[in-house]
Amino acid sequence: MQRMSQSKTPLFDAVKKYVDSKVVPFHVPGHKQGAGLSEFREYIGERAMQMDANGMEELDFANNPTSVIFESEKLLAQAFGAQSAYFLVNGTTAGVQAMIMSACEPGDKIIIPRNAHKSTIGGIILSGVIPVYLQPEVNDKLGIAMGISEDSLKKAIKENPHAKAVFLINPTYYGVVSDLKSLVRIAHRHEMSVLVDEAHGAHMCFHDDFPLTAMEVGADMSAASIHKTAGSMTQSSVLLLRGSMISPEKVKQVLNLTYTTSASYLLMCSLDVARKQLAISGSELLENALNLARMARDEINKIEGLYAFGKELIGTPGVYDFDETKLGINVAGLGFTGYEMETKLRNEYNIQIELSDMCNILAIISIGDSEKSITALINALKDIASKTEIREHKNYHITLQNPRMIVSPRDAFYSPKKKVPLDKSVGEISGEMVMAYPPGIPVICMGERITEEIVDYIKLLKEQKCQMQGTADPFIDYIMVLGSD
Ligand SMILES: Cc1ncc(COP(=O)(O)O)c(C=O)c1O
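Definitions and cut-offs
- Residues numbered from 1 in each chain as written.
- Predicted model: local features only at pLDDT ≥ 70, side-chain atom pairs only at ≥ 80, totals over all residues.
- Heavy atoms only, no water.
- Pairing = 2+ DSSP bridges.
- Helix = DSSP H or I, 4+ residues; strand = E, 2+ residues; numbered from the N terminus.
- Contact = heavy atoms within 4.5 Å.
- Axes fitted to C-alpha atoms, helices over the stretch in contact; angles between N-to-C directions.
- Buried < 20%, exposed > 50% of the residue type's maximum accessible area, 1.4 Å probe, protein only.
- Right-handed = clockwise from strand over helix to strand, strands pointing away.
- Domains from an automatic or database assignment.
- Buried area = accessible area lost by both parts, 1.4 Å probe.
- Salt bridge = Lys/Arg side-chain N within 4 Å of Asp/Glu carboxyl O.
- Polar contact = N/O pair within 3.5 Å; in protein donor to acceptor, adjacent residues only side chain to side chain.
- Nonpolar A, V, L, I, M, F, W, Y, C, P; charged D, E, K, R; others polar.
- 1 Å grid on protein atoms, 1.4 Å probe; cavity = no way out; pocket = protein on both sides within 12 Å on 5 of 7 lines; lining within 4 Å.
- Points joined across faces, edges and corners; volume = space filled by probe spheres on them.

Draft legend 1. Highlighting the sheet that holds strand S14 (residues 355–356). Pairing is antiparallel across the open sheet formed by 4 strands, whose spatial order is S11-S13-S15-S14. Two strands lie at the open edges of the sheet, namely strand S11 (307–309) and S14, each paired on one side alone. Sheet analysis places S11 next to strand S13 (residues 326–330), joined by 3 bridges and oriented antiparallel. Bridged to Ala 308 within S13 is Ile 329. Sitting on the sheet, helix H12 (residues 338–349) is in contact with S14 and strand S15 (360–364), with an inclination near 50° to S15.

Draft legend 2. View of the pairing of strand S3 (residues 130–134). With respect to burial, S3 is a largely interior element, 4 of its 5 residues being buried. Where strand S2 (residues 109–113) and S3 come together, 5 bridges link them in parallel fashion. Among the inter-strand pairings, Ile 112 is bridged to a residue of S3, identified as Tyr 133. Where the polypeptide runs from S2 across helix H6 (residues 118–127) and back to S3, its parallel neighbour, the crossover connection is right-handed.

Draft legend 3. View of the domain arrangement of the chain. Looking at the chain, the domain boundaries give domain 1 (10–278), domain 2 (282–386) and domain 3 (409–482). On a C-alpha basis, the centroid separation for the pair domain 1 and domain 3 is 28 Å. At the junction of the two partners, domain 1 supplies 14 residues and domain 3 supplies 17 residues. Summed over both partners, the interface of domain 1 with domain 3 comes to about 1,200 Å²; 64% of that surface belongs to carbon and sulfur atoms. When residues of domain 1 are sorted by the area they lose upon contact with domain 3, Arg 114, Lys 118 and Ile 125 head the list and together hold 46% of the total. At the junction of domain 1 with domain 3, the criterion picks out 1 salt bridge. Notably, a salt bridge pairs Arg 114 with Glu 448, separated by 2.7 Å at the nearest N-O pair. Here domain 1 is connected to domain 3 by 4 residue pairs in polar contact (both at pLDDT 80 or more). The class makeup of the residues in the side of domain 1 that touches domain 3 is 8 nonpolar, 4 polar and 2 charged.

Draft legend 4. Seen up close, the layout of surface pockets. Size it by volume and the second largest pocket reaches roughly 370 Å³. Lining the second largest pocket we find 19 residues, and of these Phe 70, Glu 73, Ala 85, Tyr 86 and Lys 252 sit closest to its centre. Ranked by residue count, the leading element in the lining of the second largest pocket is helix H10 (residues 248–258), at 5 residues. Taken together, the residues of the lining of the second largest pocket break down into 10 nonpolar, 5 polar and 4 charged.

Draft legend 5. Examining the pattern of salt bridges more closely. Scanning the entire structure with this criterion turns up 17 salt bridges. Lys 459 is paired through a salt bridge with Asp 423; the nearest N and O atoms lie 2.8 Å apart. You can see Lys 459 sitting in helix H15 (residues 452–463) and its partner Asp 423 sitting in the loop between strand S16 (417–421) and strand S17 (434–436), a full 36 residues away along the chain. Given a relative accessible area of 34%, Lys 459 falls into the partly exposed group.

Draft legend 6. Fine view of empty space enclosed by the protein. The final tally for this structure, using the stated rule, is 3 cavities of 30 Å³ or more. For the largest cavity, the calculated volume is near 70 Å³. Partitioning the lining of the largest cavity into residue classes produces 7 nonpolar, 4 polar and no charged. When its volume is computed, the second largest cavity comes out at roughly 50 Å³. If you trace the second largest cavity, you find it lined by Phe 80, Glu 198, Gly 201, Ala 202, Cys 205, Thr 213, Met 215, Ser 222, Ala 224 and Leu 240. In the lining of the second largest cavity, the residues fall into 6 nonpolar, 3 polar and 1 charged.

Draft legend 7. A look at the environment of Arg 47. Here Arg 47 lies in helix H3 (residues 46–51). Taking the relative accessible area as the measure of exposure, Arg 47 reaches 54% and is therefore exposed.

Draft legend 8. Structural view of the environment of Ser 149. Within the secondary structure layout, Ser 149 lies in the loop between strand S5 (144–145) and helix H7 (150–159). Placed 144 residues apart in sequence, Ser 149 and Ala 293 show a C-alpha to C-alpha distance of 27 Å. In contact with Ser 149, not counting residues within four places along its chain, are Glu 137 and Leu 183.

Okay, here's the thing in structure tokens:
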């Protein structure tokens, strides 16, 4: 493939030209460049409303790109080391689902870590595949799941030699990376394609100090949230494809099924410009982010009661490499839960972190951070620690066993269901997913047997005022289970 100049932004240029041409719009969106929604236009700015166009010849069509979107996608593919790239405007969720539907047929088995994001369960239901779950390694001190070991993948392959694909996460929300290269080699040796959820790794191939990406180690597909860590607007992600195990025709067929016919030009232009920035100055920008993350870790680790974990975890079970821009901080030493610390930071210091769990908080450091933002976080944590009498270390280390899958997620999704009080649900088969969001990893998935341990854990999460999702009842006093009244 001929190398193209990464300083180009074909789609962004076309949209700017369209805005400058002052076309009289008789097309949707019906706000007509903002004239029909003046309060919103005044707040967001006229330019943004003018850019909110729809598919037309000079702006290309996201469902069947042949000109400027096609060129921009080609540039993105080259920048990320892929053969093909597809803009996504419904987040990596759409990419995860498209990967599973492209690689597998209904009834195929797919090997998947049990700590995968809920979008994976969506992909499993839509495609009708049968999941074979891998238990990730767990760090008991931190109380979080780590990566996948080679041995656990080998065992799953031995027990399921006809599985069609292996699904991996690179990195996890907390920055943990498995030995992706070896896992890909093992899967390919057994003719299984490798699909990688890189929702949290879109920035990684633009600086040498980051772990290797799916495309760099020869995986077949990956989906990356450019919006999460690489600069574009929320919802804009990319689907990447390489090799010959999955055909571009199949991927296009799948995208044609699920893709909106009204893809946002604002989102797609932000992808175009973010890709240019990453390709041209990503290394420099990420060097700055890494230095800030390193400085934050050093300072936070001087505070008694806090532990900002990082590369020292490499070599412990399930940790082959680590993305340092994920600033996970264990707060159990101060006697707080992560949820309590998140609330404190927000209410008393006006700082919003990305997520919290029973023992940790997670701050994302990115190309948008500065010494000022990092110092604000460090100072807030110092202040909290200085005002806290070191309390007894709370032990919240809950390692749930993989729940037993009784029926496939798809069969459970389409089965009759009834509502039962959570307290009375032990022994039933769940008809819905329950998860803390973020991170969006199901505590229980539809089709799995509800145990007492799971009910107790959901109650604990509720008590901690953790944001829960996935159920019909927003308060999870009730849960849908299989069966009829
Ligand atoms: C591991 C993982 N995969 C996929 C997703 C979905 O990404 P998006 O929000 O871009 O749809 C997320 C979102 O948080 C995630 O954490």
